[in-house]
Amino acid sequence: MRVVAQRVASARVEVDGQVTGSIGAGLLVLAGFEPSDADADLDWMAAKLARLRIFADAAGVMNRSVVDADGEMLAVSQFTLFASTRKGNRPSWNRAAPPDLAQPLFERFVLCLENALGRQVPTGVFGADMQVHLINDGPVTISLDSRQAE
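None of the values given here were measured: they were computed from a predicted structure. (Residues numbered from 1 in each chain as written. Predicted model: local features only at pLDDT ≥ 70, side-chain atom pairs only at ≥ 80, totals over all residues. Heavy atoms only, no water.)

Undergrad: Describe the overall build of the protein chain, with residues and values.
TA: Within the protein chain, the regular secondary structure consists of two helices and seven strands. For the protein chain, the succession of helices and strands along the chain, N to C, is β-β-β-α-β-β-β-α-β. Computed over its C-alpha atoms, the radius of gyration of the protein chain comes to 15 Å, within 12% of the 15 Å expected for a compact globule of 150 residues. In the protein chain, buried positions account for 40% of the 150 residues. The long-range fraction of contacts in the protein chain, counting pairs at least 24 apart against all pairs at least 6 apart in sequence, stands at 72%. Of the accessible surface of the protein chain, which amounts to about 8,100 Å², a share of 49% is contributed by carbon and sulfur atoms. (Helix = DSSP H or I, 4+ residues; strand = E, 2+ residues; numbered from the N terminus. Rg over C-alpha atoms; globule rule 2.2 N^0.38 Å. Buried < 20%, exposed > 50% of the residue type's maximum accessible area, 1.4 Å probe, protein only. Contact = heavy atoms within 4.5 Å. Areas by Shrake-Rupley, 256 points an atom, 1.4 Å probe, with all protein chains shown as cover.)

Undergrad: Could you give me a rundown of the environment of Arg2, with the residues and numbers involved?
TA: On the secondary structure map, Arg2 appears in strand S1 (residues 2-15). With relative accessibility at 23%, the residue Arg2 sits in the partly exposed group. In this structure the C-alpha to C-alpha distance between Arg2 and Leu144, which are 142 residues apart in sequence, comes to 5.7 Å. What Arg2 contacts, discounting residues up to four positions off in sequence, is Leu30, Ala31, Gly32, Leu81, Phe82, Arg95, Leu144 and Asp145.

Right, here's the structure in full:
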């Protein structure tokens, strides 16, 4: 499982001109899955994101988590995180989980995020052509891979 998390002042996702999810300050989470991902990957990633200390404390030091900062999360499924560009210039997504596997993984991941955050996590629409709007705060952008847990 791969994730790109962006600390945002606000973010929203639209499908066909309709907002499907929006947040104020918090984390925009772009999540990609591969067929071998399991509940352990989802649990680890959700816990890591909830505890990641990338929000400023009173002294302006990144020392608080999204939970500590009472922030929100917006989750968007993004298979392109598994792009391979080894051969030529057209990316291959062979490592990405096919939709019939990825959609239930994404849905379970959102539940894990909600449990870790303690509130509802809005999302995009799985498989849809989405427009993601965000104001990156910092900017702070972190990439995580459950197979390379640090």
